[in-house]
Amino acid sequence: MTSSSPDNAALLSRIADTLDRLAPPSLAPCDWLAYPAYVWTGDAARAVSRLDAPGLELLRGIDTQKERVVTNVERLAAGHAAHDMLLWGSRGMGKSAVLRAAILAAQARHPGRIALVQVAQEALSGVTTLFAKLATVDRRFLVFIDDLGFEEGDSVGPRLLRSWLEGGVEARPVNVRLAVTSNRRAIVGRSMSEQDDPINPRDLVDDRLALADRFGLSIGFHNCDQDAYLAMIEGYAAEFGLQWEAGDALEWSRRRGARSGRVAWQYVNELAGRAGKAI
């Protein structure tokens, strides 16, 4: 052994210590039974200790859609047969809010039996790994993909979604259902040239919609009319003890260029600010 061996050993030890400090800490295993909601990042889960959602009674103007979502989530929480869901349509009409509210309501009736797992679109490639983890847990899960939309020419995303819904080795396990929100029913974008294609244009449209048809429930959310918009505000204002006028509410919507549940909530937030209240 040379005289420099102890020095080399010390140097190697210091290098190893430095690398240990630079390496990211290992993630603790996720407790899939302890929390009401989780966020899946693609290769790991982050627990959410509190799930926020408006009360179901405050979600007005979408009564039919709300009933269908709540019934399906209740079935899932109870361990009964339930559908995968596609909630599509106008922005700001409560698609994601009603999902969260339905989960909260089901959790109140079935404590500990169901949780929400939100997946960002950039984490879709890791959903098969997520399914493998959830399959081993004695709990029901609603895997939620918000604002999903595939660009023209994207073949990977639609293929993944089809594999999860159709069965096979990548399909979601029996204790999991998918809930997807999208601004368009077809999910996959359409180019203007398709509308002018003289060769089987109907087939092109059918192929786009075929992905949506794989969901057991496809629920449309449409722009609300004036009465529904005012009813939304009335419900919120009554809940929070706020005074309001229909003319002022309509002027707010005109300035925003839209009538929707989101615009109604923004107006109520404005009312609360004027009144010096927190909501």
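Preceding block: the structure.
Residues numbered from 1 in each chain as written. Predicted model: local features only at pLDDT ≥ 70, side-chain atom pairs only at ≥ 80, totals over all residues. Heavy atoms only, no water.

**Some words on the overall build of the protein chain**
When helices and strands are counted, the protein chain shows 10 helices and 7 strands. Residues classed as buried in the protein chain amount to 42% of the 279 residues present. At a minimum sequence separation of 6, the contacts of the protein chain that also span at least 24 residues come to 73%. Summing over all exposed atoms, the protein chain offers an accessible surface of approximately 15,000 Å²; the carbon and sulfur share of this is 50%. (Helix = DSSP H or I, 4+ residues; strand = E, 2+ residues; numbered from the N terminus. Buried < 20%, exposed > 50% of the residue type's maximum accessible area, 1.4 Å probe, protein only. Contact = heavy atoms within 4.5 Å. Areas by Shrake-Rupley, 256 points an atom, 1.4 Å probe, with all protein chains shown as cover.)

**Some thoughts on the pattern of salt bridges**
All told, the structure shown has 9 salt bridges when counted by the stated rule. The closest approach of N and O atoms between Asp-248 and Arg-274, which form a salt bridge, is 2.8 Å. Here Asp-248, found in helix 9 (residues 246-256), pairs with Arg-274, found in helix 10 (residues 261-275); they are 26 residues apart in sequence, far enough to count as distant. Taking the relative accessible area as the measure of exposure, Asp-248 reaches 22% and is therefore partly exposed. Exposure remark for Arg-274: the relative accessible area of 48% places this residue in the partly exposed category. One network of salt bridges, with partners in common, ties together Asp-248, Glu-270 and Arg-274. (Salt bridge = Lys/Arg side-chain N within 4 Å of Asp/Glu carboxyl O.)

**Re the layout of surface pockets**
The volume enclosed by the largest pocket comes to roughly 550 Å³. What lines the largest pocket is a set of 25 residues, and nearest its centre among them are Gly-92, Gly-94, Ser-96, Ala-97 and Arg-262. Taken together, the elements giving at least two residues each to the lining of the largest pocket come down to helix 3 (95-109), strand 6 (176-182), helix 8 (226-240) and helix 10. No other element matches helix 3, which puts 4 residues into the lining of the largest pocket. Along the lines of polarity and charge, the residues of the lining of the largest pocket split into 10 nonpolar, 8 polar and 7 charged. (1 Å grid on protein atoms, 1.4 Å probe; cavity = no way out; pocket = protein on both sides within 12 Å on 5 of 7 lines; lining within 4 Å. Points joined across faces, edges and corners; volume = space filled by probe spheres on them. Nonpolar A, V, L, I, M, F, W, Y, C, P; charged D, E, K, R; others polar.)

**Quick look at the side chain of Thr-181**
Here Thr-181 lies in strand 6. Of the polar contacts made by the side chain of Thr-181, one reaches the side chain of Asp-146; its length is 2.4 Å. Among residues more than four places away in sequence, those in contact with Thr-181 are Leu-87, Lys-95, Ser-96, Leu-99, Phe-144, Ile-145, Asp-146, Asp-147 and Leu-148. (Polar contact = N/O pair within 3.5 Å; in protein donor to acceptor, adjacent residues only side chain to side chain.)

**As for the pairing of strand 7 (residues 217-221)**
In the case of a regular strand, side chains alternate between the two sheet surfaces. Taking burial as the measure, the 5 residues of strand 7 include 4 buried ones, the bulk of the element. Sheet analysis places strand 3 (residues 85-89) next to strand 7, joined by 5 bridges and oriented parallel. Its bridge partner lying in strand 7, Leu-86 is registered against Ser-218. (Pairing = 2+ DSSP bridges.)

**Some details on the side chain of Asp-84**
Considering the arrangement of structural elements, one finds Asp-84 in the loop between helix 2 (63-78) and strand 3. Residue classification places Asp-84 among the buried positions, given a relative accessible area of 5%. A distance of 2.8 Å separates a polar side-chain atom of Asp-84 from the backbone nitrogen of Leu-178. Each residue touching Asp-84, except ones within four places of it in the same chain, is listed here: Leu-165, Arg-172, Arg-177, Leu-178, Phe-215, Gly-216 and Leu-217.

**Some points on the environment of Arg-159**
Relative to the assigned elements, Arg-159 resides in helix 5 (residues 156-166). Taking relative accessible area as the criterion, Arg-159 reaches 43% and is therefore assigned partly exposed. Put simply, Arg-159 and Leu-211 are 52 residues apart on the chain and 9.3 Å apart in space, counted from C-alpha to C-alpha.

Nothing here speaks to function; it is geometry throughout.
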